Amino acid sequence: MEWEEQCSSVCYGRQHVTVNRDRQNPAEDELKCRLWMFILSCPYASFRCNSRRIDRRRLIVRNCSCEYGFAPWQSEFLRRCFPPVFGAGHAVEFRGFCQIVNIRDAKEVLFSTDPEGSDVMYGAGLVMLLLAGVLSGGMCSAGDDTGDGIAHGRRVYTIQSDTVELAVTAVGGHQAPVTFFPQSDAPIRPYYISPWQDEPASEMPVPVLVPLRGDFFCMPFGGNGNAYHGEMHPPHGEVAGSRWQLEGKSHKDGVQRLDLSLATQVRSGRVLKSILLRDGESVIYTTHRISGFSGATSLGHHATLAMPDEEGSVRIATSAIQFGMTCPGIFSNPLNKEYQRLLPGARWESLAKVPLAWKGTDDADLTRMPGTQGFADLVQIFPKQPPAGEPAWVTATFAERGFLWFSMKDPGILKSTVFWMENRGRHGHPWNGRNNCLGLEDVTAFFAEGLSDSAGDNVLRRAGIATSVTLSEQQPFHVHYIQGVVRIPEGFDVVQNVTFEDGSATFHSQSGAAVSTEVRFGYVFTGTF
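The paragraphs below set out a description of the structure included in this document. Because the structure is a prediction, the values reported are computed rather than measured.

**Remarks on the overall build of the chain**
What the chain contains, in helices and strands, is 8 helices and 29 strands. Split into buried and exposed, the 529 residues of the chain put 56% on the buried side. Counted over contacts in the chain with a minimum sequence separation of 6, partners at least 24 positions apart contribute 63%. When the accessible surface of the chain is totalled, it reaches about 22000 Å², and 48% of it is carbon and sulfur.

**A few points about the sheet that holds strand β29 (residues 514-518)**
The strands making up a sheet associate through backbone hydrogen bonding, with each pair oriented either parallel or antiparallel. The strand order across the open sheet built from 3 strands is β27-β28-β29, with neighbouring strands paired in antiparallel fashion. Both outer strands of the open sheet, β27 (495-501) and β29, are each paired with one neighbouring strand and no more. Averaged over all adjacent pairs, the angle separating strand axes in this sheet is 20 degrees, with direction ignored. Bridge analysis of β27 against strand β28 (residues 504-509) gives 6 bridges, and the strand direction is antiparallel.

**Observations regarding the nonpolar core**
In terms of nonpolar packing, the biggest core is built from 59 residues, with F180, M219, I284, I290, L299, L366 and W405 touching the most fellow members. Every residue in contact with M219, bar those within four places of it in the chain, is listed here: H236, G237, E238, V239, V271, I290, F293, T297, S298, L299 and L471. Membership of the second largest hydrophobic core comes to 27 residues, among which are F221, L378, V418 and F447.

**Things to note about the pattern of salt bridges**
Enumeration over the complete set of coordinates arrives at 13 salt bridges. When the shortest N-O distance is used, the salt bridge between E231 and R267 registers 2.9 Å. Placement of E231 in the loop between β8 (217-218) and β9 (245-252) and of R267 in the loop between β10 (255-264) and β11 (269-278) is noted, with a sequence separation of 36 residues between them. Both residues of the pair, E231 and R267, count as buried.

**Side note on the environment of D410**
Tracing the chain through its elements places D410 in the loop between β22 (403-409) and β23 (416-423). You can call D410 buried: its relative accessible area is 17%. As a C-alpha pair, D410 and Y523 span 113 residues in sequence and 9.2 Å in three-dimensional space. Contact partners of D410, with chain neighbours within four places excluded, come to V524 and F525.

**Observations concerning the sheet that holds strand β7 (residues 175-180)**
If you trace the 4 strands from one edge of the open sheet to the other, you get β4-β5-β6-β7, paired in antiparallel fashion. On the outer flanks of this sheet lie β4 (149-151) and β7, each paired with one strand and no other. If you compare each strand with its neighbour and ignore which way they point, the axes differ by 40 degrees on average. Inspection of the sheet shows strand β6 (residues 164-169) paired to β7 by 4 bridges, in the antiparallel sense. Each residue of the ladder has a partner; that of V164, found in β7, is F180.

**A word on unusual backbone geometry**
Along the chain, A176 connects to P177 via a cis peptide bond; the corresponding omega equals 0 degrees. Following H429, the chain continues to P430 via a peptide bond in cis, the omega torsion being 5 degrees. Secondary-structure assignment places P430 in the loop between β23 and β24 (436-444). Positive phi values are uncommon outside glycine, yet H152 reaches one of about 50 degrees. On the basis of relative accessible area, H152 is assigned to the partly exposed category, the value being 25%.

**Here we look at the pairing of strand β17 (residues 321-326)**
Across the 6 residues that make up β17, a large majority, 5, are buried. With 5 bridges connecting them, β17 and strand β20 (residues 375-383) associate as antiparallel partners. Looking at the pairing, M325 lines up with Q380 of β20. As paired elements, β17 and strand β18 (residues 347-348) share 2 bridges and run antiparallel to each other. In the strand pairing of β18, M325 is matched with R347.

**Quick word on the side chain of D442**
Examined against the element boundaries, D442 turns out to sit in strand β24. According to the relative accessible area criterion, D442 is buried, its value standing at 1%. Polar side-chain contacts of D442 include one of 2.6 Å to the side chain of T417. Among the polar contacts made by the side chain of D442, one reaches the side chain of Y481 at a distance of 2.6 Å.

**Observations regarding the pairing of strand β5 (residues 154-160)**
Counting buried positions over the 7 residues of β5 gives 5, a clear majority of the element. Summarising the sheet, β4 and β5 pair through 3 bridges and their orientation is antiparallel. Bridge pairing links G149 to V156 in β5. The antiparallel hairpin formed by β4 and β5 contains 2 residues in its connecting segment, where H152 sits at a positive phi of about 50 degrees. Examined bridge by bridge, β5 and β6 share 5 bridges and lie antiparallel to one another.

**What about the environment of E473?**
Along the chain, E473 falls in the loop between β25 (469-471) and β26 (477-487). E473 sits 178 residues away from G295 along the chain, and the two C-alpha atoms are 8.7 Å apart. Beyond its immediate stretch of four places on either side in the chain, E473 contacts G292, F293 and S294.

**So, the packing of aromatic side chains**
Taken as a whole and judged by the stated rule, the model has 11 aromatic pairs. Ring centres of W420 and W431 lie 6.1 Å apart, and the angle between their planes is 80 degrees; on these two criteria the pair is classed as edge-to-face. With W420 in strand β23 and W431 in the loop between β23 and β24, this pair connects stretches of sequence that are 11 residues apart. W431 gets classed as buried once you look at its relative accessible area, which sits at 8%.

Basis of the calculations
Residues numbered from 1 in each chain as written. Predicted model: local features only at pLDDT ≥ 70, side-chain atom pairs only at ≥ 80, totals over all residues. Heavy atoms only, no water. Helix = DSSP H or I, 4+ residues; strand = E, 2+ residues; numbered from the N terminus. Buried < 20%, exposed > 50% of the residue type's maximum accessible area, 1.4 Å probe, protein only. Contact = heavy atoms within 4.5 Å. Areas by Shrake-Rupley, 256 points an atom, 1.4 Å probe, with all protein chains shown as cover. Pairing = 2+ DSSP bridges. Axes fitted to C-alpha atoms, helices over the stretch in contact; angles between N-to-C directions. Core = buried A, V, L, I, M, F, W, Y, C linked by side-chain atoms within 4.5 Å. Salt bridge = Lys/Arg side-chain N within 4 Å of Asp/Glu carboxyl O. Polar contact = N/O pair within 3.5 Å; in protein donor to acceptor, adjacent residues only side chain to side chain. Phe/Tyr/Trp six-rings, centres within 6.5 Å; stacked < 30°, edge-to-face > 60°.

Shape is all these values report; function is a separate question.
Structure (structure tokens):
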């Protein structure tokens, strides 16, 4: 009864489980007890089970009485750490008792991979850390073990006002899901969430793809395929794929605030992410305070919207631009099962007339999204300087759904906007030809090439466009940003222009309709209201 005794001793005698020994399969018997050692480590869980079975695909507990239940961090831990124990292809899920509830006389409780049963986090003890090694034969890779809950397979921090509910992933700081007008009959969720978030975990080519969703901060922005002065950054930088730590939450004078921080390793420094919501406003205010860094970098926001299936149904508009360019190189390489349709390196004056790669064809109209299915393309536009005190802006009008999304920025900090048009044009892992999204990414960068190309000589620099910023250890650098949603009246088609007054913006459509919303647009310059 050695394993039975260890189960009891690890749990400090507070819980006890009898393992039905299988003398024909001692390895499975040992695994049973390791599992129960972990389950019983939760001080909020109390189980009495007189029958249980484990196979390589699932665990079923029958005739189980349970008080309270598992903490969400435990379900995520098991989801990540069971593959080395059970082998590939298993399912581990907590369904049925992940909240503070009593479940009595359950006939069968199935554990598989859906941690969505709870968004409540309980405390964890030191036993949890010890059992990490017991369950997996060593500590498993970093999982989402901090935050307020789990959303689409990832640990998240949450913040909400009376008009916005927002989640941001602990790993990568990706902002989604976001719900505008959550208490209404027609809540709005505009942001893209990659389909593999709700699938069993699999190895991703790069860290940024692990939580890929919504808006996230990038530094250095781009693929970063080449080293820069000895620095080899991951795609979109450590800030897009590493763990952010909670600094604090606050609620004061109708403003909800969430602060997260991250210390980088490739180039040493610290980034403080602040997300603010104001009661009564359908707006997200974000600041990234970059300190301790020295040298050039590309950076920016990677806001990504979910697209409907109807071609051309979303209308795109921006403040006045100087010009635009398609990616000068091959953005989607057929050798990688990727395909593009725009002419590489073309310069143009309007989003409505962008040359296609094939001769004798009409230009593409990038004011109408999504485009033709089967392609993934990248372009970059460069705004003119707006009137003093006004931000540059981008809008996406979802007329059939009755809203428009907008972003606002200081064009002196974020010099351009990259359009990432992912319309089922990538067929390698993990894309598999199924992603339909639009990145409207306000950046200072050379397309999506990364730091080396952005900080070096390039065609945009020669055209007078800055493609990197210079950081100083002595002076923190701030990136202030605004995103929001506004409901639109019937007949509103596409934004023609935006007018700004104290504390509000009015969006005027080509059809003559107009809609106003409260937004402290001066935030993009000062970081204050």
